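One-letter residues, chain by chain:
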Amino acid sequence: MSVRLAVVGAGSMGAQIAQQAALQGIDVTLQDKSDEQLHKAAGSNRGHLARRVEKGRLSQADSEAALGRVRTTTDLEAAAGDAEFVIEAVFEDLEVKREIFAELDRIAPRNTVLASNSSTMGISKLADATKRPELCVNMHFFFPVLVMDLVEVVRGPATSNATVERAMAMAREMARTPVLINKEIDGFIVNRILHAATQEAYRLLDAGVASFEDIDIAVEKGLNWPMGPFRLGDFSGLDVTYNARLHMYRTTGDERYRPSPQLEAKVKAGKLGRKTGEGWYKY
Ligand SMILES: NC(=O)c1ccc[n+]([C@@H]2O[C@H](COP(=O)([O-])OP(=O)(O)OC[C@H]3O[C@@H](n4cnc5c(N)ncnc54)[C@H](O)[C@@H]3O)[C@@H](O)[C@H]2O)c1
């Protein structure tokens, strides 16, 4: 029998984490404090699976079964009371997450793993809100979870080997590929490498070495990335890219993180990418 999974937070990540698990036959309870979010999550998952059925990649029966395997509730106790594994995916807010970890510790069975999908908080920031730090671990999924294959499993200083193994096994059971990060480090692997490459692209632009269009073409054709750094920035939102750099620059003082003046100008002009109709490109 598969593991009983609870997912806390039904936003863009939690909704799809739950659905991806259910597609692999895992029974999931998806919890959010907002009923509206739970409805939105269920509707959006139904849409994603319907498109797979239309394309002939999933049978109608399997789609219905996978949708039926995700129960929704606003009651954390009902979600985690008999869960063997919990994945937390609520807002990126330390206090909110710490409160949830403390509550989960009270509610969930003693041997239940408590995993966080946080992109920036190492598990040690949450584990000490519980009496089971050895059962706490990061599991960092990528958006959109129904498409992106990778999970970064990050061990905190107190995480036990058994918990690491259970997190790796959980990712595999969800048909996702886990990688193990042995030390807590900002940005884990993927965001560090993305950040380094993107900063280099901005340095080339600011130094007048090439146009942003040509840097994108070079990266897309030469490295086979699906999107160059500027196209990707427009896609994710230039304010997001800018604020991440500013935060790192201010907290470390390291020149490597200083945001590019041209990026800053775009953000100040409100040209944030696709969502505003213009960023590096026009949409
Ligand atoms: N969006 C991404 O691309 C991405 C990628 C990887 C990891 N993450 C991480 O995933 C987490 C969630 O991100 P998201 O983009 O899905 O956020 P989101 O804003 O789409 O969703 C957050 C959800 O948490 C719910 N929530 C807030 N407080 C709650 C509480 N006390 N109890 C239950 N539910 C509560 C909200 O109602 C909302 O539905 C964050 O930690 C983020 O760092 C995000």
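I will try to describe carefully the structure that is included in this document.

Definitions and limits used
Residues numbered from 1 in each chain as written. Predicted model: local features only at pLDDT ≥ 70, side-chain atom pairs only at ≥ 80, totals over all residues. Heavy atoms only, no water. Helix = DSSP H or I, 4+ residues; strand = E, 2+ residues; numbered from the N terminus. Buried < 20%, exposed > 50% of the residue type's maximum accessible area, 1.4 Å probe, protein only. Polar contact = N/O pair within 3.5 Å; in protein donor to acceptor, adjacent residues only side chain to side chain. Contact = heavy atoms within 4.5 Å. Salt bridge = Lys/Arg side-chain N within 4 Å of Asp/Glu carboxyl O. Near = heavy atom within 4 Å. Areas by Shrake-Rupley, 256 points an atom, 1.4 Å probe, with all protein chains shown as cover. Nonpolar A, V, L, I, M, F, W, Y, C, P; charged D, E, K, R; others polar. Pairing = 2+ DSSP bridges. Axes fitted to C-alpha atoms, helices over the stretch in contact; angles between N-to-C directions. Core = buried A, V, L, I, M, F, W, Y, C linked by side-chain atoms within 4.5 Å. Phe/Tyr/Trp six-rings, centres within 6.5 Å; stacked < 30°, edge-to-face > 60°. Arc of directions from axis to C-beta.

1. A word on the side chain of serine 260
Here comes step 1: Take serine 260: it is sitting in the loop between helix 11 (238-252) and helix 12 (261-268).
Here comes step 2: The exposure class assigned to serine 260 is buried, which follows from its relative accessible area of 4%.
Here comes step 3: Among the polar contacts listed, one links the side chain of serine 260 to the backbone nitrogen of glutamine 262, at a separation of 3.1 Å.
Here comes step 4: In contact with serine 260, not counting residues within four places along its chain, are Tyr202 and Asp206.

2. Let's talk about the pattern of salt bridges
Here comes step 1: Tallied over the full model, the rule gives 15 salt bridges.
Here comes step 2: Among the salt bridges present, the one from arginine 4 reaches glutamate 84, with a minimum N-O distance of 3.7 Å. Of the two residues, arginine 4 is situated in the segment before strand 1 (5-8) and glutamate 84 in the loop between helix 4 (76-80) and strand 4 (85-88); the sequence distance between them amounts to 80 residues.
Here comes step 3: With relative accessibility at 34%, the residue arginine 4 sits in the partly exposed group.
Here comes step 4: Between arginine 258 and glutamate 255 there is a salt bridge, and its shortest N-O distance comes to 2.8 Å.

3. Quick word on the site of the ligand
Here comes step 1: In the region of the ligand, 22 residues are neighbours, and Met13, Asp32, Gln37, Glu92 and Lys97 sit closest.
Here comes step 2: The backbone of serine 12 places a nitrogen or oxygen atom 3.0 Å from an oxygen atom of the ligand.
Here comes step 3: When the ligand is considered free in solution it has 840 Å² of accessible area, and contact with the protein chains removes 79% of it.
Here comes step 4: At the level of secondary structure, the elements contributing two or more residues to the shell around the ligand comprise helix 1 (12-23), helix 5 (94-107) and strand 6 (136-141).
Here comes step 5: Considering each element in turn, the shell around the ligand owes the most residues, three residues, to helix 5.
Here comes step 6: The residue makeup of the shell around the ligand, split by class, is nine nonpolar, nine polar and four charged.

4. A word on the sheet that holds strand 7 (residues 150-154)
Here comes step 1: Reading across the sheet, the eight strands line up as 3-2-1-4-5-6-7-8 and stay open at both edges, with mixed pairing between neighbours. For this open sheet the edge positions go to strand 3 (70-73) and strand 8 (177-181), each flanked by a neighbour on one side alone. Averaged over all pairs of adjacent strands, the angle between their axes in this sheet comes to 25°, without regard to strand direction.
Here comes step 2: In this sheet, strand 5 (residues 113-116) lies alongside strand 4 in parallel orientation, the contact comprising four bridges. When the bridges of strand 5 are listed, phenylalanine 85 appears paired with valine 113.

5. Brief notes about the nonpolar core
Considering soluble globular proteins, one finds that nonpolar side chains tend to be buried as a cluster.
Here comes step 1: Formed by 34 residues in total, the largest nonpolar core has its most connected members in Leu5, Ile17, Phe85, Ile87, Met139 and Phe141.
Here comes step 2: Contact partners of isoleucine 17, with chain neighbours within four places excluded, come to Val7, Ile87, Ala89, Asn117, Phe141, Val145 and Met174.

6. Things to note about the packing of aromatic side chains
Here comes step 1: In this structure the tally under the stated criterion is six aromatic pairs.
Here comes step 2: Residues tyrosine 202 and tryptophan 280 carry aromatic rings whose centres are separated by 6.0 Å and whose planes lie at 50° to one another, so their mutual orientation is tilted. With a gap of 78 residues between them, tyrosine 202 in helix 8 (residues 190-206) and tryptophan 280 in the segment after helix 12 connect regions that are remote in the sequence.
Here comes step 3: Using a relative accessible area of 2% as the deciding quantity, one classes tyrosine 202 as buried.

7. Details of helix 3 (residues 60-68)
Here comes step 1: Of all the residues in helix 3, the buried ones are Ser63, Ala66 and Leu67. Buried positions in helix 3, seen along its axis, are confined to an arc of 100° and lie on one side of it. Away from its buried face by more than 90 degrees, helix 3 exposes Ala61 and Gly68.
Here comes step 2: Contact partners of the buried residues in helix 3: helix 1, helix 2 (35-54) and strand 3.

8. Here's the deal with the environment of threonine 120
Here comes step 1: Tracing the backbone through its elements, the reader meets threonine 120 in the loop between strand 5 and helix 6 (124-127).
Here comes step 2: Residues threonine 120 and glutamate 184, spaced 64 residues apart in sequence, show a C-alpha to C-alpha distance of 9.9 Å.
Here comes step 3: Filtering out sequence-adjacent residues up to four positions away, threonine 120 remains in contact with Glu92 and Asp186.
Here comes step 4: Here glutamate 92 takes part through its side chain, which lies 2.5 Å from a polar atom of the side chain of threonine 120.

Functional significance is not addressed by these values, which are geometric in nature.
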